[in-house]
Amino acid sequence: DAMVIQNPRYQVTQFGKPVTLSCSQTLNHNVMYWYQQKSSQAPKLLFHYYDKDFNNEADTPDNFQSRRPNTSFCFLDIRSPGLGDAAMYLCATSRGEGLLYEQYFGPGTRLTVT
Amino acid sequence: GENVEQHPSTLSVQEGDSAVIKCTYSDSASNYFPWYKQELGKGPQLIIDIRSNVGEKKDQRIAVTLNKTAKHFSLHITETQPEDSAVYFCAASILTGGGNKLTFGTGTQLKVEL
């Protein structure tokens, strides 16, 4: 019954070693979002896809990239993780079509950088 | 860009009492205001939302009010229960790039004591 699925739930990577987090959805939503949430802070939008159109936030570091090969899947790539990138990464989806629709969040992936 | 302030940061109530959380936003273009509940180690869960053409919305024990002129909105939880204990985030949203960008408040840690 899970609608937004994130794998893995916990990821440990080494400083500077590339890591990929994945998100899949069964809602057939055309918008997918990636948020970063650091400890005791609010989620912060990194970027989103509207269908295949990529929309980056102005303050998202170049170290963060994303891919969306099809409607159901979206990946977050961190090219060279630093200690400051340790956080919970949340994937969310919504309908688009030019209207404001509710966003549904996945359970998140907790990233640890050693 | 949008800035959302949220108060209080922590709130402790007795079971059965009411809880009120308040948010203000800065961008008059924002027109969708969701509230999320986040339990420890989980993704945010939408509990109620309100659009700018509505002043108040209620769903069982939860209600939200919106004052567009003053740019503030509030969450009201009545008859609180221990399972209401969690972090609550307000957010303001505008359309961007085909999706809706959520700017979150800083969160309120609600504790319902027996």
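Scope of this entry: the structure provided in the associated data block. In this text, all values refer to a predicted model and were calculated from it rather than measured experimentally.

1. Things to note about the sheet that holds strand β1 (residues 4-7) of chain B
Residue and element names in this part refer to chain B.
So, point 1. Overall, antiparallel pairing links the five strands, which are arranged β1-β3-β8-β7-β6 in an open sheet. If you trace the sheet from one side to the other, it starts and ends with β1 and β6 (56-59), each paired once. Averaged over all neighbouring strand pairs, the angle between strand axes comes to 15°, with direction disregarded.
So, point 2. With six bridges joining them, strand β3 (residues 19-25) and strand β8 (residues 72-77) adopt antiparallel strand pairing. By the bridge assignment for β8, C23 is matched with F73.

2. A look at the side chain of H29(A)
So, point 1. As for its placement among the helices and strands, H29(A) is situated in the loop between β3 (19-25) and β4 (31-37).
So, point 2. For H29(A), the side chain forms a polar contact with the side chain of T93(A), separated by 2.9 Å.

3. Notes on the interface of chain B and chain A
So, point 1. Chain B puts 25 residues into the contact, and the matching count from chain A is 27 residues.
So, point 2. E102(A) is paired through a salt bridge with R51(B); the nearest N and O atoms lie 3.8 Å apart.
So, point 3. Between chain B and chain A we count seven residue pairs in polar contact (both at pLDDT 80 or more) in total.
So, point 4. For the side of chain B that touches chain A, the secondary-structure elements that each account for two or more residues are β4 (32-38), β5 (45-51), β9 (86-96) and β10 (99-104) of chain B.

4. A short note on the pattern of salt bridges
So, point 1. The final tally for this structure, using the stated rule, is nine salt bridges over all chains.
So, point 2. K101(B) is the salt-bridge partner of E57(A), the closest N and O atoms lying 2.6 Å from each other. Here the residue E57(A) occupies a position in the loop between β6 (53-56) and β7 (64-67), and K101(B) occupies one in strand β10, the pair thus bridging two chains.
So, point 3. Between K111(B) and E113(B) there is a salt bridge whose closest N-O contact spans 3.9 Å.
So, point 4. Overall, E113(B) belongs to the partly exposed group, its relative accessible area being 28%.

5. Points about the side chain of Q36(A)
So, point 1. For Q36(A), the position within the fold is in strand β4.
So, point 2. In this structure Q36(A) touches A42(A), P43(A), K44(A), L46(A), F64(A), D85(A), A87(A), M88(A) and Y89(A), once residues within four positions along its chain are discounted.

What counts and what doesn't
Residues numbered from 1 in each chain as written. Chains lettered and ligands numbered in written order. Predicted model: local features only at pLDDT ≥ 70, side-chain atom pairs only at ≥ 80, totals over all residues. Heavy atoms only, no water. Pairing = 2+ DSSP bridges. Helix = DSSP H or I, 4+ residues; strand = E, 2+ residues; numbered from the N terminus. Axes fitted to C-alpha atoms, helices over the stretch in contact; angles between N-to-C directions. Polar contact = N/O pair within 3.5 Å; in protein donor to acceptor, adjacent residues only side chain to side chain. Contact = heavy atoms within 4.5 Å. Salt bridge = Lys/Arg side-chain N within 4 Å of Asp/Glu carboxyl O. Buried < 20%, exposed > 50% of the residue type's maximum accessible area, 1.4 Å probe, protein only.

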